[in-house]
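So the chains spell out like this:
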There are 2 protein chains.
Amino acid sequence: MSDGEEARVLEKALSSYYHYEEYALNEIWKPRMCKWMSLSNLQKSKIPWYGKYLGELKRCIMKNAEFYRLVVQRSVAYWGCNPNPDQWSQPTSYDMDKTVLMFTQILREWSQECQDERDLLLTRLRAFLNQEIPNKFERRVVKVLIPGAGLGRLIVDLVNDGFCVEGNETSYHMLLLSRFILNGEHPKEGLTIYPFVHTFSHQLSHEHQLRPIRIPDVRISEMLNGVCSMSMSAGSFVDLYGPPLGIKWSEYYSADIEMIRYREQNASSVRIVVTNFFIDTGSNILDYLETISHVLEDGGYWVNFGPLMYHYENDSQVEVTGDIDPTTGEVKNVNRFVPVKGLELSLNDLIQVACDQYAFDIIAKEIGIKSGYGRDPTGIALLGYMCNYWLFKKRKKSFSIC
Amino acid sequence: MSDGEEARVLEKALSSYYHYEEYALNEIWKPRMCKWMSLSNLQKSKIPWYGKYLGELKRCIMKNAEFYRLVVQRSVAYWGCNPNPDQWSQPTSYDMDKTVLMFTQILREWSQECQDERDLLLTRLRAFLNQEIPNKFERRVVKVLIPGAGLGRLIVDLVNDGFCVEGNETSYHMLLLSRFILNGEHPKEGLTIYPFVHTFSHQLSHEHQLRPIRIPDVRISEMLNGVCSMSMSAGSFVDLYGPPLGIKWSEYYSADIEMIRYREQNASSVRIVVTNFFIDTGSNILDYLETISHVLEDGGYWVNFGPLMYHYENDSQVEVTGDIDPTTGEVKNVNRFVPVKGLELSLNDLIQVACDQYAFDIIAKEIGIKSGYGRDPTGIALLGYMCNYWLFKKRKKSFSIC
């Protein structure tokens, strides 16, 4: 993207946070108010508390909006945005939906409520790290890469464990919010959100739905402990860390000479890649495999956790791809009708191709780990996912001596 | 609906089954073929089996289409439809989507694979029935009503247990398929479908995805044992079994004088109502409560099983409602903007309003029962729902003697 395009995408995300209150009241609160008003007097009398409940629902949405206004206010200066919201690019309904989904993301990463969910990966990962790299001094020079780093919780946990961690994220909704949380100097549980107000199914009680959650569950600056071994890159994982050439050109893989050089530099630069609820997010999983393999040093580790719920499985859109000429950098053989869906490998097929074609060895593998997803453990919410955990090691290149 | 409208809705459902092959090939197989073709030669060589897999995927879809063509063929004569498919009303994309979803429904109700899922309700329900109505002769005159009867499995199970069972269903997709299954004289496991070919996420292996399932898991005519104590009504539950007046007029509750009389006749006509994955399917759950209360005799039982996943929670459409004048049957005070979403009561609130306002007593209640939904128990599929079970008894009217 050009700088101008980049700025517009950022503005749209920022603007969506700015307009959350209006959106959530219109989509969530107002229809329920209209429905309630439309009931017969008899039915209204059956649920006399309902009007008061809707008033409280509205108040919770407005408190969430206050939280987002603080995010916007802190972000404008940091990202150098136009300070006048009226001049920002207008968010799409997709952008607006995201403002609702982000509350689940905050809950997953930064609330005490979801520590059990986070521990499913953390306990497995730490068991491996404590055995493989127990030495604190060695850890300082071990580089860990986390694509799809979201709101940065896993980065902070691993920096706290002594590693040098780089996160990568492509969504501006995530980037804006992660910067606010990570660099905001918030006291432990200093912020309040109401993440459950957008969901009406699977609720145990209306009081339960409206309860506040305090975040973050830790004092982040203490966890980082003054060590500056944390970074976050913005952009496509494949574009930044993939092989310099050889992947099809697309919106996610640039033919720009500077990007090609950048990717070249990133070859074998990382000891550990951790993909956490990430591997199923792309439109071509082989591109992800090539990228992980490229960025890892020989003998490096790939740790994966999450379900195989391919994000684009039901997407009917197409994307444009092409071949990059290795000498000129020119894009040729453009195909304008490549389906975004497709190539959703099954678990066994994915593991087999990783081992046979991308030179990984299986060190550990576990399937069917039950995990919620920002799930309220005290409620009757949806059960969540069957997650897979694996630890693969990239084979060292063998040299044949004749 | 008028007879003409009714016939058109039936034709659209029939036509959707007729066009399944074209639809599934276009939506499922073809994009994956295009995606595969668009890969670089290098990536193609990493998954050399993929082309063959896509060929098998296509073959499975065509086998499914054969199954649906049989359904269509048997249905045309029975329902008295125009025998020329080219003259049928065209299905919407919603109708077409349903043809895919119906394979999950068949799997849930009529495969051995999902017996464990069905047993979650059945074992609880039978424990109660065996205690309350152990006598086989008494059972013959005990009327059980099952709204949202789907493909009729629970009807058959309870008829087999000796009860007189009426199902109710509003979807023509269900009605067409349930008649085909229930009256088709199919041998046990005489039909083959490929229900997993439409889903690419959460698959353990591609062989697993493509495997056949044989249905029905029982010889239905033997289970019914020649007893003709089974019926199925087509239409809205509220319209057919609700109170004669007092619910708001809408697409689902008619002001027609014959319907009002029919509802009058249905008052207190049923000993047991079983709602199985049904209570969350309407746009106004209080209408359901009033209807269940109306159709049950005093001292009758309401058995419920399923999650609280309100089907219209995210629906942004509106419906038209009004008041029915009790003397003239005229519709007045029409409101054209009643949101379909809204009024999604939490579990505790729903139970409280049932007890306090609709005169039910709690006999048994269990929450958080984990259930799949047409889930492949051998795979890594989504976990499913937290279901609630309850058994309520409608209080007998008390007469005060002065």
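What you are looking at is a predicted structure, and each value in this text was computed from that prediction instead of being measured.

### Remarks on the relation of the copies chain B and chain A
So, step 1. Its rotation angle being 180°, the transformation that places chain B on chain A also includes 0.0 Å of axial translation and leaves an RMSD of 0.0 Å. Expressed as an axis order, the relation between the two copies is that of a two-fold axis. Relative to the rotation axis, the closest C-alpha in chain B is found at Leu-383 of chain B, a distance of 2.8 Å.
So, step 2. Of the interface residues in chain B, 98% have counterparts in chain A that sit at the interface too, so the contact is made through matching surfaces.

### A closer look at the packing of helix H1 (residues 3-18) of chain A against helix H4 (residues 50-79) of chain A
Residue and element names in this part refer to chain A.
So, step 1. Here H1 crosses H4 at 155°, and the two axes come no closer than 8 Å. If you check the angle between H1 and H4, you find them roughly antiparallel. Considering how the two elements wind past one another, H1 and H4 form a crossing that is left-handed. On H4, the residues that touch Leu-10, Leu-14, Tyr-17 and Tyr-18 of H1 are Tyr-68, Val-72, Ser-75, Val-76 and Trp-79.
So, step 2. Counted by class, the contact of H1 with H4 contains eight nonpolar, one polar and no charged residues.

### Remarks on the layout of surface pockets
So, step 1. When its volume is computed, the second largest pocket comes out at roughly 560 Å³.
So, step 2. Taken together, the elements giving at least two residues each to the lining of the second largest pocket come down to helix H6 (115-132) and strand S10 (360-371) of chain A together with helix H6 (115-132) and strand S10 (360-371) of chain B.
So, step 3. Taken together, the residues that form the lining of the second largest pocket break down as ten nonpolar, four polar and eleven charged.

### Digging into the interface of chain B and chain A
So, step 1. Contact residues are listed per partner, giving 64 residues for chain B and 63 residues for chain A.
So, step 2. Per-residue buried area on chain B facing chain A is highest for Lys-35, Lys-46 and Leu-383 of chain B; these three make up 13% of the total on that side.
So, step 3. Between the two partners, chain B and chain A, sit two salt bridges.
So, step 4. Salt-bridge contacts for Glu-344 of chain A lead to Arg-32 of chain B; the nearest nitrogen and oxygen are separated by 2.8 Å.
So, step 5. Counting across the chain B and chain A interface gives 40 residue pairs in polar contact (both at pLDDT 80 or more).

### Notes on helix H15 (residues 347-357) of chain A
So, step 1. Along H15 of chain A, the residues that are buried comprise Leu-347, Asp-349, Leu-350, Ile-351, Val-353, Ala-354 and Cys-355 of chain A.
So, step 2. Taken from the residues just after H15 of chain A, Ala-359 of chain A is the one with a positive phi, measuring 60°.

### Structural notes on the pairing of strand S1 (residues 143-147) of chain A
Residues and elements named next belong to chain A.
So, step 1. Of all five residues making up S1, four are buried, and the element is well covered by its neighbours.
So, step 2. Where S1 meets strand S2 (residues 164-169), five bridges bridge the pair, whose relative direction is parallel. Bridging across to S2, Ile-146 finds its partner in Gly-167.
So, step 3. Following the backbone out of S1, through helix H8 (residues 153-160) and into the adjacent parallel S2, one traces a crossover that is right-handed.

Parameters and conventions
- Residues numbered from 1 in each chain as written.
- Chains lettered and ligands numbered in written order.
- Predicted model: local features only at pLDDT ≥ 70, side-chain atom pairs only at ≥ 80, totals over all residues.
- Heavy atoms only, no water.
- Least-squares fit on C-alpha atoms with pLDDT ≥ 70 in both.
- Contact = heavy atoms within 4.5 Å.
- Axes fitted to C-alpha atoms, helices over the stretch in contact; angles between N-to-C directions.
- Helix = DSSP H or I, 4+ residues; strand = E, 2+ residues; numbered from the N terminus.
- Parallel < 35°, antiparallel > 145°, perpendicular 65-115°, else oblique.
- Left-handed = near helix turned anticlockwise from the far one by under 90°.
- Nonpolar A, V, L, I, M, F, W, Y, C, P; charged D, E, K, R; others polar.
- 1 Å grid on protein atoms, 1.4 Å probe; cavity = no way out; pocket = protein on both sides within 12 Å on 5 of 7 lines; lining within 4 Å.
- Points joined across faces, edges and corners; volume = space filled by probe spheres on them.
- Buried area = accessible area lost by both parts, 1.4 Å probe.
- Salt bridge = Lys/Arg side-chain N within 4 Å of Asp/Glu carboxyl O.
- Polar contact = N/O pair within 3.5 Å; in protein donor to acceptor, adjacent residues only side chain to side chain.
- Buried < 20%, exposed > 50% of the residue type's maximum accessible area, 1.4 Å probe, protein only.
- Pairing = 2+ DSSP bridges.
- Right-handed = clockwise from strand over helix to strand, strands pointing away.

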